[in-house]
Amino acid sequence: MAVSDSSPVRVRIAPSPTGFAHLGTASTALYNLIFARAHGGTFALRVDDTDVERNRPEYEQVIYEGLHWLGLDWDEGPDKGGPHAPYRQSERLDVYKQHAVKLLTEGKAYKCFCTADELDAERKQAQAEKRPYKYSRRCLNNPPEGRSEFTVRFKVPGGEVKFTDMIRGEMSFDSGLIGDFIVVKSDGFPTYNFASPVDDATMEITHVIRGEEHLSNTPYQLMVVDSLGYARPSAYAHMPLILANDGSKMSKRKHPELNLMLYREKGYLPEALLNYLALLGWNPGTQQEIFSFDQLVELFSFDRVQHGGARFDWEKLNWINGEYIRALDDDQLARRLAPFLPQLDEATILRATPALKTRLAKLSDAEALLDYLWTDPAPPALEADAVDRVRAAMAALQDVQWEPGAIHDALMTVVEASGLGPNKTFMPIRQAVTGKKISPPIDYTLALLPKEVAMARLATVAGSPD
RNA sequence: GGCCCGGUCGUCUAGUGGACUAGGACGCAGCCCUUUCAAGGCUGAUAUCGCGGGUUCGAAUCCCGCCCGGGCUACCA
């Protein structure tokens, strides 16, 4: 990608604090950070909080939390400051006002006194006549008298708007199709298509990397930049959207997977989620699928980014997460498991870890595998000969040192004496101790439990020996 | 409706005119291993490359039309 040496790379994400931290925000942040790191650039976080209705300060914290969890840390932002502070749009109102006044005095924008109802009528009229809607320019040509509430509209100059998209190549839009759009709302707040380009320009953003939903917004923003006399960002990149499993657009109500924090709760590793997100929309052209962040920085390029939206797939995420879990050292895994196993102490978790490792798609899966350690299982109904083997096992285990190796050896004598397959002995023990047919290997399953507890559960099933 | 962006196994994708009898991964099935479940190893099934026309000796790849999906078209971002 052509990145000029003269201007250092500056990128940004601009989430809106209108709800939980968004999966898409994480994805966009990832690509921005990768690009910044690859070019020794700066990554800024700007909070686009110009929607007074939907905006909540606590949601800003939620965004920070989600991004921090993923390790997607920013160099400049509302909480960190930076050379272009403030980084909250609600604190930059005077900046937008200045720029709006400049546009107004230069005749590149005008006040619009139309009411919402009037505009609505205009739009419906156009619809009824089946012609594409564009604002009538009534307030430019013949403004109504005696009104005080107004918006500021940008006077679209017309002509072709061209720009380079690092993913899609040369883009061209006919601005003749775009009506004069509102740049300052009647409440004095700027609209997105005004605040965003003004901030990008004043914050000296060099590359705008964002979701594909903004592709059509780009000509609006470019016209604003141009008429303000600012230099344009050197390039844009519009990343493919993450679609729901059924191919539809994700919605907050129907798709909980949109919520970033859900992944932490379910026990996905942040680095695995990042890996999955990177792969959803990009591939290196090789068969590699597992990447560290540093490898992504090294390998990523926009010309290998997908052009179409990709569906979110839990199965693939689970697989990647499992790969990361299996690659973890025991003590690292144990540490990450701890929050998901509040009933157990550190030492127990660490002892369980080797047996857990190949059995987890996500950290929260550990609970179902170990809950027999803090829950008394219902004793299973066993065949008489199985009960005999449990008795034999109790006898063999009586004086054994309580660790997997010794337990295994003792149990094998019972297996051999039975003349049957190992499972004929192990399964009844497993059921007696855990109440389930599935558990880690029996020696681990037993060793994790205090010996007295294990023996007591066996005794419950075995009844009194005589 | 208008303008934009897309359309290869169920899913993510490789593929840029001949090496494609369309490759990989997830998932799925079977086998091996085995102490249940996993993990691991091996094998396998699943794609008339959205549809229809061209261009060409030859098209998933180029052109046109259509269909389908998505985005924008807001005093949301």
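The coordinates are above.
Attention in this report is confined to the structure presented alongside it. (Residues numbered from 1 in each chain as written. Chains lettered and ligands numbered in written order. Predicted model: local features only at pLDDT ≥ 70, side-chain atom pairs only at ≥ 80, totals over all residues.)

**What about the overall build of chain A?**
- When its secondary structure is counted, chain A shows 19 helices and 11 strands.
- For 466 residues, the compact-globule estimate of 2.2 N^0.38 gives 23 Å, and the C-alpha radius of gyration of chain A, at 31 Å, exceeds that figure by more than 25%.
- If one aligns the C-alpha atoms of chain A with their principal axes, the spans along those axes are about 105 × 50 × 40 Å.
- Expressed as a percentage of its 466 residues, the buried residues of chain A come to 36%. (Helix = DSSP H or I, 4+ residues; strand = E, 2+ residues; numbered from the N terminus. Rg over C-alpha atoms; globule rule 2.2 N^0.38 Å. Buried ≥ 20, exposed ≤ 12 C-beta atoms within 10 Å, placed from the backbone.)

**So, the protein's contact with RNA strand B**
- If you check the shell around RNA strand B, you find 61 residues, and the closest are D48, S186, Y192, G308 and T358.
- Looking at the surface near RNA strand B, the elements with two or more residues in it are α4 (116-128), β11 (310-311), α11 (314-327), α17 (422-434) and α18 (442-447). (Near = placed C-beta within 6 Å.)

**Details of the pairing of strand β2 (residues 42-45)**
- The alternating pattern of β2 places T42 and A44 on one face and F43 and L45 on the opposite face, and all of these are buried.
- Once you follow strand β1 (residues 10-13) into helix α1 (residues 23-38) and on to β2, the crossover reads as right-handed. (Right-handed = clockwise from strand over helix to strand, strands pointing away.)

**Remarks on the pairing of strand β5 (residues 160-165)**
- Inspection of the sheet shows β5 paired to strand β6 (residues 169-174) by six bridges, in the antiparallel sense. Paired with D165 across the two strands is G169, which belongs to β6.
- Remark: three residues form the turn of the hairpin made by β5 and β6, two consecutive strands paired antiparallel. (Pairing = 2+ DSSP bridges.)

**Description of unusual backbone geometry**
- P86 follows A85 through a cis peptide bond whose omega is 0 degrees.
- A positive phi angle, near 55 degrees, is found at K130, a position not held by glycine.
- Relative to the helices and strands, K130 is located in the loop between α4 and α5 (138-141).
- Of the residues examined, K130 has 6 C-beta atoms within 10 Å and is grouped as exposed.
- Backbone geometry at R137 places phi at a positive 70 degrees, although glycine is not the residue there.
- The topology assignment puts R137 in the loop between α4 and α5.
- For R137, a count of 15 C-beta atoms within 10 Å corresponds to the partly exposed category.

**Focus: helix α12 (residues 330-337)**
- Of all the positions in α12, only L333, A334 and L337 are classed as buried. The buried residues of α12 occupy an angular sector of 100 degrees when projected down its axis, which confines them to one face. In α12, the exposed positions angled more than 90 degrees off the buried face are occupied by D331 and Q332.
- For α12, the elements touching its buried residues are α11, α13 (346-356) and α14 (366-370). (Arc of directions from axis to C-beta. Contact = placed C-beta atoms within 7 Å.)

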